[in-house]
Amino acid sequence: MKFLVDDSFLFMYIPIMEEKNTKSKPVSKEFDKAARVLTFVPLDKENLQQAIDMAVAVFGEGDREGIVEEFSGSLDPNTVHPYIATSSFFMVLNNGQPAGVTGFYSVHGQPHDIWLNWMGVLPEARGHNIGQDLVQQGFIDKASAGIKTLRIWTTLEPDYESARKLYNRMGFKEESYRPGATDAAKTVVVYSKSTDPKAKADFSWKKTGYSIDCEMHVIPDLNKKFGFKADKKSKLPKPPSP
């Protein structure tokens, strides 16, 4: 989702780097699913630069500033974005070889929700469904402890069609960001999934009533990109109190 004009607005931005269709290529043993063993290495001060370099290799130099800000901030509570309560990132290795990055975060005042963050597969590792494994193993499995709802936000832009199809296949419920919010372009969608398959409660995003960072920064950029103006009555949210 590389639609931001100003990289300083990438704080809680959740880009998903798509895997390209490479069915015509032979599947190497290195990335064959039958032989694949993914390892999730938690981010720390010693591997911070390596993780940043991997993320830049996935998303491009244009996103370096946002990557550095968020990855570094996850290790220092004094510099973390005011919306974020907790944040975790991982380098992902496939049989010991770099394969991608992933992460997730929670928002102040919403301890039972967790959001996917900066998930992507390195170019040389794409085309072998590793992205689906990152969502399952690195987000659904790893982030679910003590959490009621898993959430992802993205847009309806064509570049993210394959990602949206993946989330639907994995049982996430799709809905528009929220009626009456500042999303005049109506491009933002949220995917939600309960961690309890038997849960009967309504876990939809529209019922929550809280705002996230994309409403303050990303959505206005989308409105500008598509030539829409938000209702004058719509107010940008203030960061929640820690």
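Not measured: the values here are computed from a predicted model.

So, the overall build of the protein
Each helix and strand in the protein was counted, giving six helices and seven strands. Ordering the α and β elements of the protein from the N terminus gives β-α-α-β-β-β-α-β-α-β-β-α-α. For the protein, the residues scored as buried account for 51% of the 242 residues in total. Accessible surface computed for the protein: about 12000 Å², of which carbon and sulfur atoms make up 53%.

A few points about helix H4 (residues 161-169)
When we look at burial in H4, the residues that qualify are Ala-163, Arg-164, Leu-166 and Tyr-167. End-on, the buried residues of H4 take up no more than an arc of 155 degrees, which puts them together on one face. Trailing H4 by a residue or two, Gly-171 shows a phi angle of about 90 degrees, which is positive.

Some words on the pattern of salt bridges
Applying the stated criterion to the full structure yields five salt bridges. The residue Arg-36 makes a salt bridge to Asp-133 at a minimum N-O spacing of 2.5 Å. With a gap of 97 residues between them, Arg-36 in the segment before strand E1 (38-42) and Asp-133 in helix H3 (residues 130-141) connect regions that are remote in the sequence. Arg-36 sits in the buried class, given a relative accessible area of 11%. Overall, Asp-133 belongs to the buried group, its relative accessible area being 10%.

Considerations on the packing of aromatic side chains
Evaluation of the coordinates by the stated rule reveals seven aromatic pairs. When the ring of Phe-40 is compared with that of Phe-90, the centres are 6.5 Å apart and the planes differ by 85 degrees; the resulting orientation is edge-to-face. Here Phe-90 lies in strand E2 (residues 84-94) and Phe-40 lies in strand E1, a separation of 50 residues in the sequence. Take Phe-40 and Phe-90: they sit in the same class, and that class is buried. Centroid distance Phe-71 to Phe-89: 4.1 Å. Interplanar angle 20 degrees. Geometry classified as stacked. Highlighted residues: Phe-71 in helix H2 (residues 64-73) and Phe-89 in strand E2, separated in sequence by 18 residues. By the burial criterion, Phe-71 is buried, and Phe-89 matches it. Put simply, the rings of Phe-40, Phe-90 and Phe-104 touch in pairs and so form one group of aromatic residues. Over the ring of Phe-90 we find Lys-142, and its NZ or CZ is 5.2 Å from the ring centre.

As for the nonpolar core
Counting residues in hydrophobic clusters, the biggest one holds 27 residues, and the most contacted among them are Leu-134, Val-135, Phe-139, Tyr-167 and Phe-172. Looking at this core element by element, the count peaks at five residues for H3.

Conventions we followed
- Residues numbered from 1 in each chain as written.
- Predicted model: local features only at pLDDT ≥ 70, side-chain atom pairs only at ≥ 80, totals over all residues.
- Heavy atoms only, no water.
- Helix = DSSP H or I, 4+ residues; strand = E, 2+ residues; numbered from the N terminus.
- Buried < 20%, exposed > 50% of the residue type's maximum accessible area, 1.4 Å probe, protein only.
- Areas by Shrake-Rupley, 256 points an atom, 1.4 Å probe, with all protein chains shown as cover.
- Arc of directions from axis to C-beta.
- Salt bridge = Lys/Arg side-chain N within 4 Å of Asp/Glu carboxyl O.
- Phe/Tyr/Trp six-rings, centres within 6.5 Å; stacked < 30°, edge-to-face > 60°.
- Lys NZ or Arg CZ within 6 Å of the ring centre and 35° of its normal.
- Core = buried A, V, L, I, M, F, W, Y, C linked by side-chain atoms within 4.5 Å.

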